[in-house]
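Residue-level structural notes
Here are the chains, one letter per residue:
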Amino acid sequence: MISVKEALDIIRQHTVSFGTELIPLSDSVNRILKEDWLADRDFPPYHRVTMDGVAFQFTTFEKGQRDFSIQGIAAAGMPQQTLQNDTHCLEVMTGSILPENVDTVVRYEDLNIENGVATITVDTIKNGQNIHRKGEDLKADDLVVPINTRISPAEIGVGASIGKVMVRVAKLPKIIVVSTGDELVKIDETPLSHQIRRSNVYRLVTTLKEYNIQADSAHLNDEKHEIRDKITRYLKDYDVIILSGGVSKGKFDFIPEVLAELGVQKLFHKVKQRPGKPFWFGQYEQKCTIFALPGNPVSSFMCMQRYFKYWLHLCQTGQPPTIEKAVLGQDV
């Protein structure tokens, strides 16, 4: 029996790369990015107006002018306008390009507009106010999102802003989740007094969906020949097999014995932990990785969270995940 630290060390030494693939940006949420994203231009790409109001030259305000004839309007999406008369102003909308020959924006709330004349009603303004300067956030070719980032909706928005139609991500392994045991029945069946429903496999498959992995599922009865025949096929067809149950010392716990007979390398069996002591981990010819979890629901849940997720993150990023810890404030 090994410690949790030893188990994690062994898992870290037996990661697998599944390669990369290009997929549409819209399909990439929760995938691991395998390229750096760089800004394709300055952000913002122009001096951008941040308030609806009027734009003019600050020096005219400094000289005491408060009334400005409105020359025209600059809306978001319009080509850049130019102020022709230094003593006039242009109405500007949020998001528009700052017109040429102006340097300051006063919002509508600080103006009165009558008969085409904007009158400033505040005593103090700042030169250059209400303008988001070109390149203030990012310069062209600046790093926006680094490789090995898990893509969230926030990164989707960033990718769209820099024109990432297709993105390179880590490929996902092909996985099957297999429950074992004669006591298990389908969830749409009414169990007899000696039976329970197959809850583990549904929870494990759902856990994988967090990573966009659409896993297959199957069930094995406590018959050694059936277990052997089906696992033989699974070893050839899948990158990962996650088994639930059949790994302890019971007379019908055939999983460790069958895996040994099929040439699967046992990397460890049993960890000094509670729950989840019977956990088994191994690999078959570096082609298939096997996580044989205990059948107890709490044990299988804990092992999946602590060990499988750790292994998958290492496989896709080369780095261990950040493990957050907390201390209970009261008994549970």
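Each chain has its residues counted from 1, following the order in which its sequence is written. Reporting of local features is limited, given that this is a predicted model, to residues whose pLDDT is at least 70; pairs of side-chain atoms are given and counted only at 80 or more, and all residues count toward the totals for whole chains, interfaces and linings. As a rule here, side-chain values come from all non-hydrogen atoms in the structure, and water together with hydrogens is ignored.

Some words on the packing of aromatic side chains
For clarity, the cut-off: Any two of the Phe, Tyr and Trp rings considered here, Trp counted by its six-membered ring, make a pair once their centres fall within 6.5 Å; the pair's planes then place it as stacked at under 30 degrees, edge-to-face at over 60, or tilted in between. Under the DSSP-based scheme used, a helix requires at least four consecutive residues in state H or I and a strand at least two consecutive residues in state E, with every element numbered from the N terminus. Residue burial is assigned from relative accessible area. The probe radius is 1.4 Å, only protein chains are included, and a residue is buried under 20% of its type maximum, exposed over 50%, and partly exposed in between. Lysine and arginine charges are scored as sitting over a ring when NZ or CZ, respectively, is within 6 Å of the ring centre and within 35 degrees of the ring normal.
If you walk through the whole model with that rule in mind, you get 12 aromatic pairs. Between F18 and W311 the ring centres are 6.2 Å apart and the planes differ by 75°, which places this aromatic pair in the edge-to-face class. Here the residue F18 occupies a position in the loop between helix 1 (4–12) and strand 1 (20–24), and W311 occupies one in helix 7 (residues 297–317), the gap between them amounting to 293 residues. Look at F18 and you get buried, because its relative accessible area is 18%. Residue classification places W311 among the buried residues on the basis of a relative accessible area of 0%. When the centroid spacing of 5.3 Å and the interplanar angle of 80° are considered together, the rings of F291 and F308 count as edge-to-face. Separated by 17 residues along the polypeptide, F291 in strand 20 (residues 288–293) and F308 in helix 7 bring together distant segments of the chain. Among the aromatic side chains, those forming a connected cluster through ring pairs are F18, F268, F279, F281, F291, Y307, F308 and W311. The ring of F61 carries the charged tip of R66 above its face, separated from the ring centre by 3.8 Å. The residue whose ring lies beneath K174 is Y238, and the NZ or CZ to ring-centre distance is 5.0 Å.

Points about the nonpolar core
Under the convention used in this document: Residues belong to a common nonpolar core when they are buried Ala, Val, Leu, Ile, Met, Phe, Trp, Tyr or Cys residues joined through side-chain atoms within 4.5 Å.
Ranked by internal contacts, the top residues of the largest apolar core, which has 33 residues, are I242, F279, F308 and W311. Only helix 1, strand 13 (175–180), helix 4 (199–209), strand 17 (240–244), strand 18 (265–269), strand 20 and helix 7 provide two or more residues apiece to this core. Sort the elements by how many residues they give to this core and helix 7 lands first, with 9 residues.

So, the environment of G263
By the secondary structure assignment, G263 is in the loop between helix 6 (255–261) and strand 18. For the pair G263 and Q283, spaced 20 residues apart in sequence, the C-alpha separation works out to 9.2 Å.

Overview of the pairing of strand 4 (residues 53–56)
We count it as follows: Pairing between two strands is assigned when DSSP locates at least 2 bridges connecting them.
In this structure, strand 4 lies alongside strand 6 (residues 89–92), joined through 3 bridges in antiparallel fashion. Paired with G53 across the bridge in strand 6 is V92. Relative to strand 7 (residues 104–107), strand 4 runs antiparallel, the two being bridged by 4 bridges. Directly across from G53, in strand 7, lies its bridge partner R107.

Some details on the state of the cysteines
As a reminder of what qualifies: By definition, disulfides here are pairs of cysteine sulfur atoms that lie within 2.5 Å.
Counted by the stated rule, this structure contains 0 disulfides. Just so you know, C288 is unpaired, no disulfide at all, and the nearest cysteine sulfur is the one on C315, 12 Å from it. Left without a disulfide partner, C303 is nearest to the cysteine sulfur of C315, which lies 17 Å away. Looking at C303, the relative accessible area reads 0%, which means it is buried.

A look at the pattern of salt bridges
In plain terms, the rule: Put simply, a salt bridge is a Lys or Arg side-chain nitrogen that is within 4 Å of an Asp or Glu carboxyl oxygen.
For the structure shown, the criterion picks out 11 salt bridges. R31 is paired through a salt bridge with E21; the nearest N and O atoms lie 2.6 Å apart. Of this pair, R31 sits in the loop between strand 1 and strand 2 (37–38) while E21 is found in strand 1, placing the two residues 10 residues apart along the sequence. Using a relative accessible area of 7% as the deciding quantity, one classes R31 as buried. A salt bridge links K224 to E261; its shortest N-O distance comes to 2.8 Å. Of this pair, K224 sits in helix 5 (residues 224–237) while E261 sits in helix 6, placing them 37 residues apart in sequence. Given the relative accessible area of 26%, K224 is considered partly exposed. Among the residues examined, E261 registers a relative accessible area of 39% and is labelled partly exposed.

Side note on the sheet that holds strand 19 (residues 280–284)
Hydrogen bonding along the main chain pairs the strands of a sheet, whether they run parallel or antiparallel. This is how the line gets drawn: Fitting a line to C-alpha atoms yields each axis, with helices limited to the stretch in contact; the angle taken between N-to-C directions then spans 0 to 180 degrees. Two residues form a contact once any of their heavy atoms are found within 4.5 Å.
The strand order across the open sheet formed by 6 strands is 16-13-17-20-19-18, and the pairing between neighbours is mixed. Edge positions in the sheet fall to strand 16 (216–220) and strand 18, since each has one partner strand and no second. Along the sheet, successive strands turn relative to each other by an average axial angle of 20°, direction set aside. Bridge count between strand 17 and strand 20: 5 bridges; the pairing is parallel. Its bridge partner lying in strand 20, I242 is registered against F291. The sheet contacts of helix 1 involve strand 18 and strand 19, and relative to strand 18 the element is tilted by about 155°. Each of strand 13, strand 17, strand 19 and strand 20 is contacted by helix 7, which is oriented at about 155° to strand 20, the strand it contacts most.

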